[in-house]
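Coordinate inspection notes
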Amino acid sequence: MHKDIAEILVTEQEIQDICTSMGKEIAADYKDKNLIIVGLLKGCVPFLADLTRKIDLKFDIAYMSVSSYHGGIASSGDVKIKMDLDISIKGRDVLIVEDIVDTANTIVTIMELFKHRGASSVKIATLLDKPEGRIKPYEPEYVGRVIPKAFVVGYGLDYDEMYRNLPYVGILKPEVYNTK
Ligand code: IMP
């Protein structure tokens, strides 16, 4: 698995440092709010697990499964809800946890949906941000690391459902997807 990685962009230690500082910031910002954290499956899993343990507050966690890639390395722009929330977000302060924001198609679509469902506020915490990939203008409120426009895997991020278990974030060697 490691031999398919051209370069490590964010190390395990850097990820833990991001979780600690972002967790503190979120705890301070949501101290008096009605917080619910929504994780977007599947990519959010390692980040949500590490980040939420650094947020010293009471809140609930819900999950939603959305997809915009359908197996390749570029967003199809067509956001599909594969599994919806099992809890109402009406009147709640929603913080969506994402692995990466690229075109922002996914996040903008979900934010609009949550506002329509009556959320009091909707913000985003993302481990990675690729601002050069933006199609919809949106700046996430909490960003772990801004990265260049490259296809990355690891720590929840996949190529064709693999590499999610890499403990770091790295750039996938182009020959891995060019030879498929
Ligand atoms: P967006 O809708 O283009 O902002 O993309 C959001 C989703 O696309 C993320 O939640 C990821 O699942 C996926 N994605 C975007 N960039 C990458 C990448 O570099 N590697 C793996 N998945 C990515």
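Because the structure is a prediction, the values reported are computed rather than measured.

Time to look at the nonpolar core. One finds I26, L51, L128, V152 and V169 to be the most contacted residues of the largest nonpolar core, which totals 30 residues. Looking at this core, the elements that each hand over two or more residues are β1 (5-10), α1 (12-29), β2 (35-41), α2 (45-52), β5 (93-101), β6 (121-129) and β9 (169-172). For this core, the element with the highest residue contribution is α1, accounting for 6 residues. Every residue in contact with V169, bar those within four places of it in the chain, is listed here: I8, L9, V10, I15, L127, L128, V152, V153, G154, Y155 and L157. In terms of nonpolar packing, the next biggest core, distinct from the first, is built from 22 residues, M64, I96, I107 and M111 among them.

Hydrogen bonds along the backbone pair up the strands of a sheet, which may run parallel or antiparallel. Judged by pairing direction, the sheet is antiparallel, and its 3 strands sit side by side in the order β1-β9-β8 without closing on themselves. Among the strands making up the open sheet, the edge pair consists of β1 and β8 (152-153). Strands β1 and β9 of the sheet are contacted by α1, whose axis makes an angle of about 30° with β1.

Once that is clear, we can look at the pattern of salt bridges. Under the criterion given, the structure shown has 11 salt bridges. Two residues, R53 and D50, come together in a salt bridge whose shortest N-O distance is 2.8 Å. D50 sits in the buried class, given a relative accessible area of 17%. Among the ionic contacts, a cluster of salt bridges with common partners joins K42, D158, E161 and R164.

Reading the values: rules and limits
- Residues numbered from 1 in each chain as written.
- Predicted model: local features only at pLDDT ≥ 70, side-chain atom pairs only at ≥ 80, totals over all residues.
- Heavy atoms only, no water.
- Core = buried A, V, L, I, M, F, W, Y, C linked by side-chain atoms within 4.5 Å.
- Buried < 20%, exposed > 50% of the residue type's maximum accessible area, 1.4 Å probe, protein only.
- Helix = DSSP H or I, 4+ residues; strand = E, 2+ residues; numbered from the N terminus.
- Contact = heavy atoms within 4.5 Å.
- Pairing = 2+ DSSP bridges.
- Axes fitted to C-alpha atoms, helices over the stretch in contact; angles between N-to-C directions.
- Salt bridge = Lys/Arg side-chain N within 4 Å of Asp/Glu carboxyl O.

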